[in-house]
Amino acid sequence: MFKNVFRSGFLIRTAHVLLTWVITLILFLHDTDLRRQRENGELMQPVVFSLLVLLSVILYFTVSLMDPGFVLSDSIKYAQGSGEELEEMIPQNPVPRLRRCGYCLLQQPMRAKHCQACKHCVRRFDHHCPWIENCVGERNHRCFIIYLAVQLLALFWALQIAWSGFHSSVTWKLWLIVNGFLLAALCVVGVMSLVVVLLLGCHLYLISINSTTWEFMSRHRITYLKSYSDEENPFDRGILCNLWDFFCMCRTVVWEQVYYRGSHNHV
């Protein structure tokens, strides 16, 4: 379910797309490997690079406009069985009771959190990303990671292309005149590459331990994590299982069940 593109994030998304294509245009217009290959009739790499940039833009809009997993009603749909069956399966004492959100007044599933920017509770809330002007949650987290990976590949390739376009000049002033735009593009791409590397690395680590950014940063304030030490996580099933569940399982997880099993093993 996509939100209206003309809401508050329109300017951010427009700026992102314009910056992406302006940098791409600079790489094609300067005397870089892309331009030399295009002039020599070697179109494979220019076409592949353009398609990679286009894919990154498509993924950006997909993650930006996708429903991250908004909680829209009190009727919680479980992946296995009804709510009554779940209550019979899980003893009430070890599992904290579901709380009611003080903002939207809806019952929050476990691992959900209210986002004041989006004005909704989000299932398996990770964080609100100002870059995409949307929350990262249960439904779009996987797409967010794929987007970061594709974006990082395009940025690294852009760094190599930009570096190939620099040429020496007699004076520094003349060099800046000739290479000024390319230098600016290189600096922007370099900063973005560093940010994406850090962001992707942190998210892959959190995925490997089945934690979220919100849980990792605020676990001392989260009711269902207070009884655990910093090294313990009731949702952790091991690195391989965590990665498999995140990237390969397309279903809604009943985190109360997972928490109960983790609590039982913890006891």
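Note that the structure is predicted; figures quoted are calculated from it, not measured.

**Q** Just to check I follow, could you spell out the pattern of salt bridges for this structure?
**A** Once the charged atoms of two side chains with opposite charge are near each other, the side chains can pair. Counted under the stated rule, the structure contains 6 salt bridges. Its salt-bridge partner being Glu215, residue Arg111 comes within 2.6 Å of it at the nearest N-O pair. A residue pair is termed long-range when its members are at least 10 positions apart, and Arg111 in the loop between α4 (83-89) and β2 (113-115) and Glu215 in helix α7 (residues 213-218) qualify at 104 residues. Like Arg111, the residue Glu215 is buried in the burial classification.

**Q** How do you make sense of the nonpolar core when you look at a structure like this?
**A** Across soluble globular proteins, you tend to see nonpolar side chains buried next to one another. Membership of the largest hydrophobic core comes to 36 residues, with the highest contact counts inside it found for Leu27, Phe49, Ile132 and Phe144. For this core, the elements supplying multiple residues, two or more each, are α1 (10-29), α3 (44-65), α5 (141-163) and α6 (172-208). Broken down by element, the residue count for this core peaks at 11 residues, all from α5. In this structure Leu27 touches Thr32, Leu34, Phe49, Ala158, Ile161, Ala162 and Leu182, once residues within four positions along its chain are discounted.

**Q** Even after reading the chapter, I still don't get α6, so can you show me in this structure?
**A** Because an α-helix completes one turn every 3.6 residues, residues spaced three or four positions apart along the sequence face the same direction. A bend of about 70° at Asn179 is the largest found in α6. Looking at the residues trailing α6, positive phi occurs at Asn210, about 55°.

**Q** What am I meant to see in the state of the cysteines here?
**A** Every disulfide links exactly two cysteines, by a covalent bond between their sulfur atoms. In total, this model carries 0 disulfides according to the counting rule given. Cysteine Cys135 remains unbridged, with the sulfur of Cys115 as its closest cysteine sulfur at 3.2 Å. A residue is classified by how much of its surface remains accessible, and Cys135, at 0% relative accessible area, is buried.

**Q** Even after reading the chapter, I still don't get the packing of α5 against α6, so can you show me in this structure?
**A** Two numbers describe a pair of packed helices, the interaxial angle and the distance between the axes. Running from N to C, α5 and α6 point in directions that differ by 150°, and their axes come no closer than 9 Å. α6 is crossed by α5, and the crossing has left-handed handedness. Looking at side-chain class alone, the contact of α5 with α6 contains 21 nonpolar, 5 polar and no charged residues.

About the thresholds
- Residues numbered from 1 in each chain as written.
- Predicted model: local features only at pLDDT ≥ 70, side-chain atom pairs only at ≥ 80, totals over all residues.
- Heavy atoms only, no water.
- Salt bridge = Lys/Arg side-chain N within 4 Å of Asp/Glu carboxyl O.
- Helix = DSSP H or I, 4+ residues; strand = E, 2+ residues; numbered from the N terminus.
- Buried < 20%, exposed > 50% of the residue type's maximum accessible area, 1.4 Å probe, protein only.
- Core = buried A, V, L, I, M, F, W, Y, C linked by side-chain atoms within 4.5 Å.
- Contact = heavy atoms within 4.5 Å.
- Bend = angle between axes of the 7 residues up to and from the residue.
- Disulfide = S-S within 2.5 Å.
- Axes fitted to C-alpha atoms, helices over the stretch in contact; angles between N-to-C directions.
- Left-handed = near helix turned anticlockwise from the far one by under 90°.
- Nonpolar A, V, L, I, M, F, W, Y, C, P; charged D, E, K, R; others polar.

Any functional reading would require information that these geometric values do not contain.
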